[in-house]
Amino acid sequence: MKIKYLVLVLIGLAFGACNKLDVAPLNIIKDQDIFTNETGVTAYLASIYGTLPIEDFQYQPNNGFMNGDGGRWQCFFQPGAICGELAGPYGGTGDAAQGFGFWPYDKIRIVNYMLTNFPKYQKAFQTDKYNQWLGEAYFCRAYLYFALVKRYGGIPIVRTLQNYPEQSITELQVPRNKEQEVYDFIASDLDSAAMLMSATSPRSRANKYVAAAYKSRAMLYAGTIAKYGASNFVDGDARQKGFAGIPADQANRYFQAAYDAAKLVEGHYSLYRKADDKIQNYTDLFLDQSSTETIYAKDYSIASGTPHSWDATMTCRLMTADGLSRAYPTLDLVERFTGPLNIVNADGTPKRFTNKADILQGLEPRLQATIYFPGATLRGYTFDAQRGIYKTFGGNAADEMPNNMTSSWDQPANLLLSGDVNQLYNGRRIVGLTGIKTDGDDLTRTGLYVRKYVNYKADQASCGLYQSTQSWIDMRYAEVLLNRAEAAMELGTAPMQADALNAINQLRDRAGATLATSNITIDSVRNERCKELAFEHHLWWDLRRWRTADKELDNRRFYGLLPYYVDNESKYIFLKQIETFQRSYNFEKKWYYEPIPGGELGKNPNLFPNNPGY
């Protein structure tokens, strides 16, 4: 059925008051009412942008894009908690790896409707405006298809507007395309978008360099899936037919496309360097709406009814108006920055610290701006994480790592733990006010808290549920540099490796880190990506496209940095121990692809075969 009437909400944006009584009903708008005036076109596009599957503060991997209110406040259901950045509420990677029925062909149809019908009204506009809007439609379609292909591999490409009953059911049952064809389609749409759009755009709208940045991301995915998926896969009909997997000989073509797209962005955006203090600068990068680094962001406001709850759910209740925290940075993530922390003496015994804040000395500024360590402060409070009190401790650090509480120093007569932050021993709290308790997970389980995106400028009363309005930066120039560096390393020539080194050192200089030498490797580039983009929803997808998730998450448990007070010495020690819930994670290879939703298979038999293993 051809769509003649568009959504009611657009009418208020398309028209002002009408003084005549012989007008068509106001709840019916025809194409010419929308596609012949700027207000109508921009409102139509705004309705598309509003449905883009951006993995933001409200996204839950096991529930998808939270359009309703159910669970929307629970920002701690964060993808970082299924891949090792965070210890959080997920029971395992299976919670998020097996699909949630995401299938946005209704949204793709809305874009296709514009691409089909808007050109009929081209003469109503100046060419540059017409081209810009058409380019934005191509950009949005590419965005939707990328969200699909990274989950399912090959899915049906629907380029034109489908109509029922003009088309038969058989005609509407479009078969799956190969995964390679989908990535090529995304590249084509982004190229069309870049060709049509202008060099600049209003906030939260696309332009030609926004399209180029996203192309660098999509082509990097395609290249790595082609290269690494050729050797690490689950076989099956869908793979044999090209729906799950890309031929290895296509890898360099995609890496070159990723590199070229990233280079296009150069000179049009730049790394954020407003403050001289490196910690302050990196902290503010995620809060400053005027950042030169932001390429594409999603905004929130209380007035529009779209605030989120990041502040109330990523730091502890002590420092917020309400809410609670449940996801905490792991020591594994910290050690990506530092290697083994300097908490152990040469003889294997834990170092002694007079103050917990001494652990911060010498840490990279970017790390301190990403994570709140014990001793850091926020809104007048100190993160005084402490797991317990040893009356005396003469053991070594390695014996404590398993955290099975079996060493002689861990006997209840010597090690005091508590589920109550107010319980005292010799007038001193056994557990810090910010954790770590023996029960519940509303205080840290790792000794650490998330700092990235936390609005330190907001007072405590403003840090309640649904009161946070900081923007989600979906694409920033740092990622473009990382895409460029990774693609260059994969291409492997000496000039490319030199360019990768240059890109990485731009990031490390801004981070306050030691500059890399000429001996960088693909692993060091990947690690730089993990550090720079922590908690930004990248690692989960990166582990999948690198085809390393089945190794990285093989019966994996993650560590915390757990502080203890040693009473007879009046000193603190930090032990590397399994986070206190001791959850184990696994990743089955079949999870590199999600299953095609069962309901869709029932409606369209041409979606078979399902992905391998399902």
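Above this text you will find the structure in question.
Position numbers for residues count from 1 along each chain, tracking the sequence in the order it is written. Totals for whole chains, interfaces and linings use all residues, but because this is a predicted model, local features are given only for residues with pLDDT of at least 70 and pairs of side-chain atoms are given and counted only at 80 or more. Think of the side-chain values as coming from all heavy atoms in the structure, minus any hydrogens and water.

**Quick look at the overall build of the chain**
Here is step 1: Think of it this way: any DSSP run of H or I at least four residues long counts as a helix, any run of E at least two long counts as a strand, and we number them from the N terminus. For the chain, the count of helices and strands is 22 helices and 14 strands.
Here is step 2: For 614 residues, the compact-globule estimate of 2.2 N^0.38 gives 25 Å, and the chain sits close to it at 26 Å.
Here is step 3: When the backbone C-alpha atoms are referred to their principal axes, the chain occupies close to 85 × 60 × 50 Å.
Here is step 4: Burial status follows relative accessibility: with a 1.4 Å probe on protein chains alone, a residue under 20% of its type maximum counts as buried, one over 50% as exposed, and anything between as partly exposed. With 614 residues in all, the chain has 58% of them scored as buried.
Here is step 5: Within the chain, residue pairs in contact and separated by at least 24 positions form 74% of the contacts whose partners lie at least 6 positions apart.
Here is step 6: Calculation of accessible area relied on Shrake-Rupley with a 1.4 Å probe; when residues are assessed, cover is drawn exclusively from the protein chains displayed. Accessible surface, the chain: about 23,700 Å² in total, of which carbon and sulfur atoms supply 50%.
Here is step 7: Charge centroids of the chain, computed over 66 positive and 66 negative side chains, lie 2 Å from each other. Based on C-alpha atoms, the radius of gyration is set beside the globule rule, defined as 2.2 Å times the residue count to the power 0.38. Working rule for contacts: check all heavy atoms of both residues, and any pair within 4.5 Å makes them a contact. By the counting scheme adopted, Arg and Lys are positive, Glu and Asp are negative, and His together with the chain ends is not counted. Charged groups are reduced to one reference atom each: NZ for lysine, CZ for arginine, CG for aspartic acid, CD for glutamic acid.

**Observations concerning the packing of helix α12 (residues 278-285) against helix α18 (residues 494-511)**
Here is step 1: The axes are straight lines fitted to the C-alpha atoms, using for helices just the contacting stretch, and the angles between their N-to-C directions are given from 0 to 180°. Packing of α12 against α18 brings their axes to within 8 Å, and their N-to-C directions diverge by 110°. What the angle tells us is that α12 and α18 run roughly perpendicular. Facing α12, whose interface residues are Lys278, Asn281, Tyr282 and Leu285, α18 presents Asp509, Arg510 and Ala511.
Here is step 2: Among the residues making up the contact of α12 with α18, the classes are represented as 3 nonpolar, 1 polar and 3 charged. The scheme is simple: roughly parallel for angles under 35 degrees, roughly antiparallel for over 145, roughly perpendicular for 65 to 115, oblique for anything else. In the scheme used here, Gly and all other residues not listed as nonpolar or charged are polar, with Ala, Val, Leu, Ile, Met, Phe, Trp, Tyr, Cys and Pro taken as nonpolar and Asp, Glu, Lys and Arg as charged.

**A closer look at the environment of Thr315**
Here is step 1: Inspection of the secondary structure assignment puts Thr315 in the loop between α13 (310-314) and β3 (328-329).
Here is step 2: Look at Thr315 and you get buried, because its relative accessible area is 0%.
Here is step 3: Considering only alpha carbons, one finds Thr315 and Cys463, 148 residues apart in sequence, at a separation of 9.7 Å.
Here is step 4: Discounting residues that sit within four places of it in the chain, Thr315 has contacts with Thr320, Ser325, Tyr372, Leu378, Arg379, Phe383, Tyr449, Val450 and Val454.
Here is step 5: Reaching out from Thr315, the side chain makes a polar contact with the backbone oxygen of Asp311 at a distance of 3.0 Å. Any N or O atom pair separated by 3.5 Å or less is treated as a polar contact, with the protein-specific requirement of one donor-capable and one acceptor-capable atom, and with residues adjacent in sequence counted only for side-chain atom pairs.

**Some words on the pairing of strand β12 (residues 472-476)**
Here is step 1: The buried count for β12 comes to 5 of 5 residues, which makes it a mostly enclosed element.
Here is step 2: One ladder, built from 4 bridges, connects strand β2 (residues 294-298) with β12; its direction is antiparallel. Opposite Lys298, over in β12, you have Trp472 as the bridge partner. Pairing between two strands is assigned when DSSP locates at least 2 bridges connecting them.

**Regarding the pairing of strand β13 (residues 559-566)**
Here is step 1: Burial analysis of β13 places 8 of its 8 residues in the buried class, which makes it a mostly covered element.
Here is step 2: Pairing geometry for β13 and strand β14 (residues 571-578), over 8 bridges, is antiparallel. Residue pairing for β14: Leu562 is matched across the bridge by Leu575.
Here is step 3: Where β13 folds back on β14, the antiparallel hairpin that results is connected by 4 residues, among which Ser570 adopts a positive phi of roughly 55°.

**Regarding the packing of aromatic side chains**
Here is step 1: Aromatic rings from Phe, Tyr and Trp, taking only the six-membered ring of Trp, are treated as a pair when their centres fall within 6.5 Å; an angle between ring planes under 30 degrees marks them as stacked, one over 60 as edge-to-face, and anything in between as tilted. Across all of its chains, the model carries 48 aromatic pairs by this definition.
Here is step 2: Relative to Phe118, the ring of Phe35 has its centre 5.7 Å away and its plane inclined at 55°; by these criteria the two rings are tilted. Here Phe35 is found in the loop between α2 (31-34) and α3 (38-49), whereas its partner Phe118 is found in the loop between α5 (105-117) and α6 (127-152), with 83 residues between them in sequence.
Here is step 3: A relative accessible area of 0% means that Phe35 is categorised as buried.
Here is step 4: Seen from their ring centres, Phe587 and Trp591 are 5.7 Å apart, and the 90° between their planes marks the pair as edge-to-face. Considered together, Phe587 and Trp591 belong to a single accessibility category, that of buried residues.
Here is step 5: Any Lys NZ or Arg CZ that is within 6 Å of a ring centre and within 35 degrees of that ring's normal is treated as a charge sitting over the ring. Sitting over the face of the ring of Tyr254, Arg253 holds its NZ or CZ atom 4.4 Å from the ring centroid.
Here is step 6: Above the face of the Tyr559 ring, Lys576 is positioned so that its terminal group lies 4.8 Å from the ring centre.

**Considerations on the side chain of His308**
Here is step 1: You can see His308 is positioned in the loop between β2 and α13.
Here is step 2: Take His308: its relative accessible area is 1%, and that puts it in the buried class.
Here is step 3: Engagement of the side chain of His308 in a polar contact is seen with the backbone oxygen of Gln470, the distance being 2.9 Å.
Here is step 4: The contacts of His308, once residues within four sequence positions are left out, are Phe57, Gln58, Tyr300, Tyr466, Gln467, Ser468, Thr469 and Gln470.

**Let's talk about the pattern of salt bridges**
Here is step 1: By definition, a salt bridge exists where a carboxyl oxygen of Asp or Glu is found within 4 Å of a side-chain nitrogen of Lys or Arg. In total, this model carries 42 salt bridges according to the counting rule given.
Here is step 2: Its salt-bridge partner being Arg529, residue Glu479 comes within 3.9 Å of it at the nearest N-O pair. Linking Glu479 in helix α17 (residues 477-491) with Arg529 in helix α19 (residues 522-532), this pair joins segments that are 50 residues apart in sequence.
Here is step 3: Residue Glu479 is classed as buried on the basis of its relative accessible area of 1%.
Here is step 4: Under the relative-accessibility criterion, Arg529 is labelled buried at 2%.
Here is step 5: Among the ionic contacts, a cluster of salt bridges with common partners joins Glu293, Glu364, Arg366, Lys452, Arg476, Arg508, Arg510, Glu528, Lys531, Glu532 and Glu536.

**Describing the sheet that holds strand β7 (residues 388-390)**
Here is step 1: An order of β8-β7-β13-β14 is seen for the 4 strands of this open sheet, with the pairing classed as mixed. Of all strands in the sheet, those bounded by a partner on one side alone are β8 (415-416) and β14.
Here is step 2: Running over the sheet, helix α14 (residues 331-338) touches β13 and β14 and is turned about 95° from β13.

**Thoughts on helix α8 (residues 179-196)**
Here is step 1: Over its 18 residues, α8 extends 26 Å from the first C-alpha to the last, a length consistent with the 26 Å expected when each residue adds 1.5 Å.
Here is step 2: In terms of burial, α8 is largely enclosed, as 13 of its 18 residues are buried. Working rule for helices: expected span equals 1.5 Å times residues minus one.

**A few points about α3**
Here is step 1: Relative to the 16 Å expected for 12 residues at 1.5 Å per residue, α3 spans 16 Å between its end C-alpha atoms, a close match to the ideal helical length.
Here is step 2: Among the residues making up α3, those that are buried are Gly40, Val41, Ala43, Tyr44, Leu45, Ile48 and Tyr49.
Here is step 3: The opening residue of α3, the one whose side-chain oxygen lies 3.3 Å from the backbone nitrogen of Thr39, is Asn37.

**Examining the side chain of Thr580**
Here is step 1: Considering the arrangement of structural elements, one finds Thr580 in the loop between β14 and α22 (598-603).
Here is step 2: According to the relative accessible area criterion, Thr580 is buried, its value standing at 17%.
Here is step 3: Each residue touching Thr580, except ones within four places of it in the same chain, is listed here: Arg387, Ile436, Arg445 and Leu562.

**Considering the state of the cysteines**
Here is step 1: Put simply, a disulfide is two cysteine sulfurs that come within 2.5 Å. Tallied over the entire structure, the rule returns 0 disulfides.
Here is step 2: Cys316 forms no disulfide, and the closest cysteine sulfur to it belongs to Cys463, at a distance of 11 Å.
Here is step 3: Classification of Cys463 as buried rests on a relative accessible area of 0%.

Note that all results are geometric; they support no functional claim without further evidence.
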